[in-house]
Amino acid sequence: MVKRNTSCKKRIVSALIFLVLFALCACLLIPYSRATSAREDTYEVVWQSGAVTRESYAFAYSALSGAENGKLLLEREGLRGEIETSERYKTVRTLLKEGSLPDLLTMSFEGLSSLERAALYKEFCDTCYYSADLFAYDGDRVFRTPRASFSELVLLDGSVSSGVLVGIGATKLILRSGAQLSAASLAGTGVQEIEAAAPYFVNRGGLYLSAPGGTRLVAAVPTAEELRVEGCDFCDEGALSPCKRLASLELPFAGSARSAGGSDYDGRVAWAFGDAVPQTLKRVKIADGTVGQFAFTGLGGVEEIDLCGIPEENISPLAFGSLTGLVRLHTRQNHLSLEGFSRTLLPCGCTLYERSYTG
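Residues numbered from 1 in each chain as written. Predicted model: local features only at pLDDT ≥ 70, side-chain atom pairs only at ≥ 80, totals over all residues. Heavy atoms only, no water.

Along the chain, the regular secondary structure elements total 7 helices and 22 strands. Burial status across the chain gives 40% buried among its 359 residues. Split by element, the accessible area of the chain, about 19100 Å² in all, is 54% carbon and sulfur. (Helix = DSSP H or I, 4+ residues; strand = E, 2+ residues; numbered from the N terminus. Buried < 20%, exposed > 50% of the residue type's maximum accessible area, 1.4 Å probe, protein only. Areas by Shrake-Rupley, 256 points an atom, 1.4 Å probe, with all protein chains shown as cover.)

What follows is the structure in structure tokens.
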């Protein structure tokens, strides 16, 4: 009985040894993974001090802080360094930042070092591309994605609904030249930043479209609390309708256009909001144009109006009747009859009307 047990144990041990040896041999036949080979890579780093060192992939990746001027940037314990990148990396990064959907779907990622691949993924992993559907970069390719959350959306062409922006939680919107955006796309979203390629451009949170007939204000960052609109000739109806937190607004003119000519001209400030002026709006400044009788209709909650610089003849004396919440008015109209307001002549030639409060 003892001999049989001993013999059985030997067979079991032999079988285990065979399995271990087989596994070791099999491992020799399996190619190294990208992660394994990456751990063996080393990279030349030129430090801000002038020192040049050779660093491992693990160190370089952990210190990776961004990319600029074709170089990968490192930062560790207050020290800054740079790693030169390949021409292939520069080409791929440019395509990820500027390419069309066909470019993105067909481009090859061959020829990149492990650190270059990792840097690209780190930079673009929270970016989605939109062209009637969502696409994303996973480190190996750009593909149609079921992923539901991204902080940044690139609108490659056509339009995008506010539902898509809200659904993915985007806080940044980038418009390519083929994009077609209206203020409605931003309604109810959490977009805090907009970037745009021509014919669009962004200035102080406002989104503008350059057209042959003049520059249009198309929309503005929905989360803006203060906004200065400038450099445009026209304002789209409802361009500021997504701006539900707006407290202070500066406009180059009141209404739909700088010029009051044309049968479709609308001279109301509320035009820019699609008539839904937010209750948060307390201060309005208008730099030029015409201020007609109905300019401030719907702005009963506004407390301060500044019209300094607009000639008296371009301001209707009847323009202020709807401003029930008005506290302060700065205007060249020097002879207004505003009950309960004091008057102070200003060095600029305007008159400051201030509501007089009595106990």
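The final tally for this structure, using the stated rule, is 5 aromatic pairs. In this structure, lysine 122 packs its charged tip against the face of tyrosine 61, placed 5.3 Å from the ring centre. It is arginine 147 that lies over the ring of phenylalanine 150; its NZ or CZ is 4.0 Å from the centre. (Phe/Tyr/Trp six-rings, centres within 6.5 Å; stacked < 30°, edge-to-face > 60°. Lys NZ or Arg CZ within 6 Å of the ring centre and 35° of its normal.)

Here we take up the packing of helix 4 (residues 87-98) against helix 6 (residues 114-124). Interhelical geometry of helix 4 versus helix 6 gives an angle of 15 degrees and a closest axis separation of 11 Å. In terms of orientation, helix 4 lies roughly parallel with respect to helix 6. For the pair helix 4 and helix 6, the crossing hand works out as right-handed. Together, Tyr89, Val92, Arg93, Leu96 and Lys97 of helix 4 and Glu116, Leu120, Glu123 and Phe124 of helix 6 make up the contact between the two elements. Considered class by class, the residues forming the contact of helix 4 with helix 6 number 5 nonpolar, no polar and 4 charged. (Axes fitted to C-alpha atoms, helices over the stretch in contact; angles between N-to-C directions. Parallel < 35°, antiparallel > 145°, perpendicular 65-115°, else oblique. Left-handed = near helix turned anticlockwise from the far one by under 90°. Contact = heavy atoms within 4.5 Å. Nonpolar A, V, L, I, M, F, W, Y, C, P; charged D, E, K, R; others polar.)

Before going further, it helps to spend a moment on the pairing of strand 3 (residues 64-68). Put simply, side chains in a regular strand alternate between the two faces of the sheet. In terms of strand pairing, strand 3 meets strand 4 (residues 71-76) through 4 bridges, oriented antiparallel. Looking at strand 4, one finds that alanine 67 is bridged to leucine 72. Where strand 3 hands over to strand 4, the hairpin turn is made up of 2 residues, of which asparagine 69 adopts a positive phi near 55 degrees. (Pairing = 2+ DSSP bridges.)

On to the side chain of threonine 85. If you trace the backbone, threonine 85 turns up in the loop between strand 5 (79-84) and helix 4. With a relative accessible area of 9%, threonine 85 lands in the buried category. From its side chain, threonine 85 meets the backbone oxygen of glycine 70 in a polar contact 2.4 Å long. For threonine 85, the contacting residues outside a window of four places in its chain are Gly70, Lys71, Leu72, Lys90 and Glu116. (Polar contact = N/O pair within 3.5 Å; in protein donor to acceptor, adjacent residues only side chain to side chain.)

Quick look at helix 6 now. Across the 11 residues of helix 6, 8 count as buried, placing the element largely inside the fold. Of the residues making up helix 6, those classed as buried are Ser114, Leu115, Glu116, Arg117, Ala118, Ala119, Leu120 and Phe124.

Moving on to the sheet that holds strand 16 (residues 234-235). One open sheet holds the 4 strands; their spatial order is 12-13-14-16, and the pairing between them is mixed. One side of each edge strand has no neighbouring strand; the edge strands of this open sheet are strand 12 (200-203) and strand 16.

Attention shifts here to the pairing of strand 17 (residues 248-251). Pairing of strand 15 (residues 226-228) with strand 17 involves 3 bridges; the strand directions are parallel. From the neighbouring strand, glutamate 226 faces strand 17, where its bridge partner is serine 248. Note: strand 17 against strand 18 (residues 283-286), 4 bridges, orientation parallel. Its bridge partner being in strand 18, serine 248 is matched across the sheet by arginine 283.

A few words on the environment of glycine 292. Within the fold, glycine 292 resides in the loop between strand 18 and strand 19 (304-306). C-alpha separation for the pair glycine 292 and isoleucine 315, spaced 23 residues apart in sequence, amounts to 6.1 Å.

Structurally, the position occupied by arginine 176 is in strand 10 (residues 172-179). Despite being buried, arginine 176 has no salt bridge partner; aspartate 103 is the closest side chain of opposite charge, sitting 7.5 Å away. Engagement of the side chain of arginine 176 in a polar contact is seen with the backbone oxygen of glycine 99, the distance being 2.5 Å. Contacts of arginine 176, omitting those with residues within four sequence positions, involve Leu96, Lys97, Glu98, Gly99, Tyr129, Val154, Leu155, Leu156 and Ala197. (Lys, Arg positive; Asp, Glu negative; His and termini not counted. Salt bridge = Lys/Arg side-chain N within 4 Å of Asp/Glu carboxyl O.)

So, on to the environment of glycine 206. Along the polypeptide, glycine 206 turns up in strand 13 (residues 206-211). A sequence separation of 23 residues divides glycine 206 from valine 229, and the C-alpha atoms of the two residues are 6.5 Å apart. In contact with glycine 206, other than residues within four places in its own chain, are Phe201, Leu217, Ala219, Ala220 and Leu227.

Relative to the helices and strands, leucine 323 is located in the loop between strand 19 and strand 20 (328-331). For leucine 323, a relative accessible area of 4% puts it in the buried group. Separated by 24 residues in the primary sequence, leucine 323 and leucine 299 have C-alpha atoms spaced 6.2 Å apart. If sequence neighbours within four positions are ignored, leucine 323 has contacts with Phe296, Leu299, Val302 and Ile305.

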